[in-house]
Amino acid sequence: MPVNTEAYKTIKHSLEARHVTLVAVSKFKTPEDIMTLYELGQRDFGENFVQELLMKEAALPKDIRWHFIGHLQTNKVKYLAPFIHMIHGADSEKLLSEINKQGAKIDRTIRVLLQMFIADEATKFGFDADQVTDLPEPGNYPFILFEGMMGMASFTDDTKKVAAEFSGLRSAYKKFTAKYPGFNTLSMGMSGDYEIAVAAGTTMVRIGSLLFGSR
Ligand SMILES: *Cc1c(COP(=O)(O)O)cnc(C)c1O
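Residues numbered from 1 in each chain as written. Predicted model: local features only at pLDDT ≥ 70, side-chain atom pairs only at ≥ 80, totals over all residues. Heavy atoms only, no water.

Where do I start with the overall build of the protein chain in this structure?
Along its length, the protein chain carries eight helices and nine strands. Relative to the 2.2 N^0.38 estimate, which gives 17 Å for 215 residues, the radius of gyration of the protein chain is 17 Å and therefore close to what a compact globule would have. Expressed along its principal axes, the backbone C-alpha trace of the protein chain runs to roughly 45 × 45 × 30 Å. Out of the 215 residues in the protein chain, the part that is buried amounts to 51%. Once local pairs closer than 6 in sequence are excluded, the contacts in the protein chain between residues at least 24 apart make up 59%. (Helix = DSSP H or I, 4+ residues; strand = E, 2+ residues; numbered from the N terminus. Rg over C-alpha atoms; globule rule 2.2 N^0.38 Å. Buried < 20%, exposed > 50% of the residue type's maximum accessible area, 1.4 Å probe, protein only. Contact = heavy atoms within 4.5 Å.)

Dropping the structure here:
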């Protein structure tokens, strides 16, 4: 399926008007597909799998900002540490410790988003916004920049439910800016629900299939 450049332009334009950053999710798509959007000016791309990302990072222009949006295993952090622009799925203290350790080794501070659990599906990872005391202490992680929060809504047609989950995450994000003064990014919204996320005040969306076709 060809890249939908018309959809890209329309979505990009409407997001820009709302000051929302578009991360183009390119998992399972070819370097050529990525280059099609790169040539239209897109620089933020999201990937879910470490091996695939390493292959693409090596092959593609160095000014691409790579976002890791998948579930990251601690033993893979070292491969991403030198170049990753942002890790969206920081979902445990164990993973944060490893990111901090790998950052320290190469003297690079790494941007992360705390993944928050907002859906009612047991398979989704993340911190619980209600467990205030469980959120990591930024002072323990000198090589991490806590830039914000990321979340995924329930997979459902019930738009009211999705909207409620997104606004809950937005409230948590606002509430925790006192604890994390570097917060500037709220990553929520995908192809099926990004308009709801924009209405709920997101600052970053992660869109794949609307741009690249189904996987
Ligand atoms: C795949 C993926 C996306 C993009 O999904 P689409 O529905 O294709 O837009 C966004 N976020 C995460 C975490 C993903 O894994």
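Now that the structure has been shown, the text picks up again.
In this structure, what is going on with the packing of aromatic side chains? I would like to understand it.
Each aromatic ring pair is summarised here by two numbers: the centre-to-centre distance and the angle between the ring planes. Tallied over the full model, the rule gives six aromatic pairs. Here phenylalanine 45 and tryptophan 66 contribute two aromatic rings whose centre-to-centre distance is 6.2 Å and whose plane-to-plane angle is 45°, an arrangement assigned as tilted. Here phenylalanine 45 is found in strand S2 (residues 44–47), whereas its partner tryptophan 66 is found in strand S3 (residues 65–68), with 21 residues between them in sequence. Across this residue pair, the class does not change: phenylalanine 45 and tryptophan 66 are buried. (Phe/Tyr/Trp six-rings, centres within 6.5 Å; stacked < 30°, edge-to-face > 60°.)

How do you make sense of a negative patch on the surface when you look at a structure like this?
There is a patch of like negative charges on the surface, built from Glu93, Asp128, Asp130 and Asp134. One can find aspartate 130 in the loop between strand S6 (127–128) and strand S7 (144–151). (Patch = residues over 30% accessible without salt bridge, like charges linked within 9 Å, V, L, I, M, F, W, Y side chains within 5 Å. Areas by Shrake-Rupley, 256 points an atom, 1.4 Å probe, with all protein chains shown as cover. Salt bridge = Lys/Arg side-chain N within 4 Å of Asp/Glu carboxyl O. Lys, Arg positive; Asp, Glu negative; His and termini not counted. Charge placed at Lys NZ, Arg CZ, Asp CG, Glu CD.)

Please explain the site of the ligand as it appears in this structure.
Surveying the vicinity of the ligand reveals 13 residues, the closest of which are Lys27, Asn48, Ser191, Gly208 and Ser209. Separating an oxygen atom of the ligand from a backbone N or O atom of glycine 208 is a distance of 2.8 Å. A per-class count over the shell around the ligand returns six nonpolar, four polar and three charged. (Near = heavy atom within 4 Å. Polar contact = N/O pair within 3.5 Å; in protein donor to acceptor, adjacent residues only side chain to side chain. Nonpolar A, V, L, I, M, F, W, Y, C, P; charged D, E, K, R; others polar.)

Would you explain helix H3 (residues 50–59) in this entry?
Residues that lie three or four places apart on an α-helix share one face, since the helix turns once every 3.6 residues. Here H3 has its buried residues at Val50, Glu52, Leu53, Lys56 and Glu57. The arc enclosing the buried residues of H3, seen along the axis, measures out at 155°, which places them on a common side. Among the exposed residues of H3, those pointing more than 90 degrees away from its buried face are Gln51, Ala58 and Ala59. Where H3 is buried, its residues meet helix H2 (31–39), S2, S3 and helix H4 (77–80). (Arc of directions from axis to C-beta.)

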